[in-house]
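Structure at a glance
Chain by chain, the residues run as shown.
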Amino acid sequence: MAEITASMVKELREKTDAPMMECKKALTEAGGDLAKAEEILRVKLGNKASKAATRIAAEGVVAIHIAADGKLGSIFEINSETDFVAKNDEFLKLAADCARLVAEKNPADVAALSALPMGAGTVESTRTALVGKIGENMSIRRFIRIEAKGKLAAYIHGGSKIGVLVDVVGGDEQLAKDLAMHIAASKPKSLDSSGVAAELLDTERRIAIEKAREAGKPEAMLEKIAEGTVQKYLKDVTLLGQVFVKAEDGKQTIEQLLKARGASVAAFVLFIVGEGIEKKVNDFAAEVAAQAAAAAANK
């Protein structure tokens with residue numbers, strides 16, 4: 001059996017926010033497999049076991065550029081070490097200029113964007129010079145360019161921490177704005193069920209079966225229960241299945257809203273700053289203690 005180390009327990013706890021002993025038990029049961037242990041905790045503790053995984057860990061901003069005709073646009077993320085730098089005017093200008101270049105020049109990747117001309121040099125030389133001036137590292141993380149089938153709408157929220165770019169066919173400007181705001185608030189994973197990874201559905205199905213089994217449900221009912229859980233999950237994570245945040249009756253889905261307005265969504269992109277990035281957290285007290293110990297040892 002794989003040895004369950006303290007670092008493994010710590011990693012699972014940080015990811016799930018579950019108690020230490022529960023993490024250790026889950027890792028032991030999973031034979032040291034972190035992903036399987038997280039699944040075990042979700043069966044035992046429900047969705048509370050994944051709340052830490054949604055924490056935003058890095059600073060920076062999302063910038064969006066849309067051409068005047070609304071047919072071409074881009075969404076761009078650049079990261080910084082602190083929120084203080086993320087509010088710096090020069091940093092924000094770099095983000096806006098990069099978003100415009102992505103839309104206009106269509107670079108293949110971050111390396112290609114970094115090589116594009118900017119000012120007296122390139123994007124990379126501009127970034128490097130700003131790092132030297134501010135004294136804090138900053139990195140271009142990702143971008144997506146959209147050529148619209150309809151017309152693009154955008155929404156930036158929370159001091160540029162959340163950005164949405166949505167391609168709406170038909171409808172009007174207010175509908176497009178409402179859809180962008182809904183996406184920022186509800187954070188769908190995809191437009192419809194075809195965009196949800198099969199492994200995510202398999203995980204939801206397995207968890208539903210194990211929870212139902214632990215609750216004493218008959219074996220003959222498990223598959224039906226699991227299918228109901230998966231369908232509920234799809235409504236929660238797909239844009240078309242979600243209930244519109246401004247629905248007056250609290251029931252109208254985005255799919256129903258679009259049908260009523262004679263419109264459709266061709267595509268959308270949602271960026272959340274730092275999503276999936278782990279940020280080093282400094283323990284000031286521990287640093288002071290370590291420095292004191294080092295000073296004492298050098299005497």
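Further up the page is the structure itself.
Described below are features of the structure shown in this document. (Residues numbered from 1 in each chain as written. Predicted model: local features only at pLDDT ≥ 70, side-chain atom pairs only at ≥ 80, totals over all residues. Heavy atoms only, no water.)

Considering the environment of Ala266
As for its position among the elements, Ala266 is in strand β8 (residues 264-272). On a C-alpha basis, the gap between Ala266 and Lys149 in space is 6.7 Å, while along the polypeptide they are 117 residues apart. Excluding its chain neighbours within four sequence positions, the residues that come into contact with Ala266 are Lys149, Asp167, Val169 and Leu191. (Helix = DSSP H or I, 4+ residues; strand = E, 2+ residues; numbered from the N terminus. Contact = heavy atoms within 4.5 Å.)

Digging into helix α7 (residues 123-134)
Under the 1.5 Å per step criterion, the end-to-end length of α7 is 16 Å for twelve residues, consistent within 8% with the ideal 16 Å. Taken together, the buried positions of α7 are occupied by Val123, Arg127, Leu130 and Val131. Down the axis, α7 shows its buried residues gathered within 105° of arc, on one side only. Within α7, the exposed residues directed more than 90 degrees away from the buried face are Ala129, Gly132 and Lys133. Contacts from the buried residues of α7 go to α5 (89-105), α6 (110-114), β3 (117-118), β4 (121-122) and β5 (138-147). For α7, the N-terminal capping position is held by Thr122, with its side-chain oxygen 3.3 Å away from the main-chain nitrogen of Glu124. Gly135 occupies a position one or two residues after α7 and carries a positive phi of about 85°. (Expected span 1.5 Å × (residues − 1). Buried < 20%, exposed > 50% of the residue type's maximum accessible area, 1.4 Å probe, protein only. Arc of directions from axis to C-beta. Polar contact = N/O pair within 3.5 Å; in protein donor to acceptor, adjacent residues only side chain to side chain.)

Topic: the pattern of salt bridges
Applying the stated criterion across every chain, the model contains 18 salt bridges. Glu77 is the partner of Arg142 in a salt bridge, and the nearest nitrogen-oxygen pair spans 2.6 Å. With a gap of 65 residues between them, Arg142 in strand β5 and Glu77 in strand β2 (residues 72-80) connect regions that are remote in the sequence. Judged by its relative accessible area of 0%, Glu77 falls in the buried class. (Salt bridge = Lys/Arg side-chain N within 4 Å of Asp/Glu carboxyl O.)

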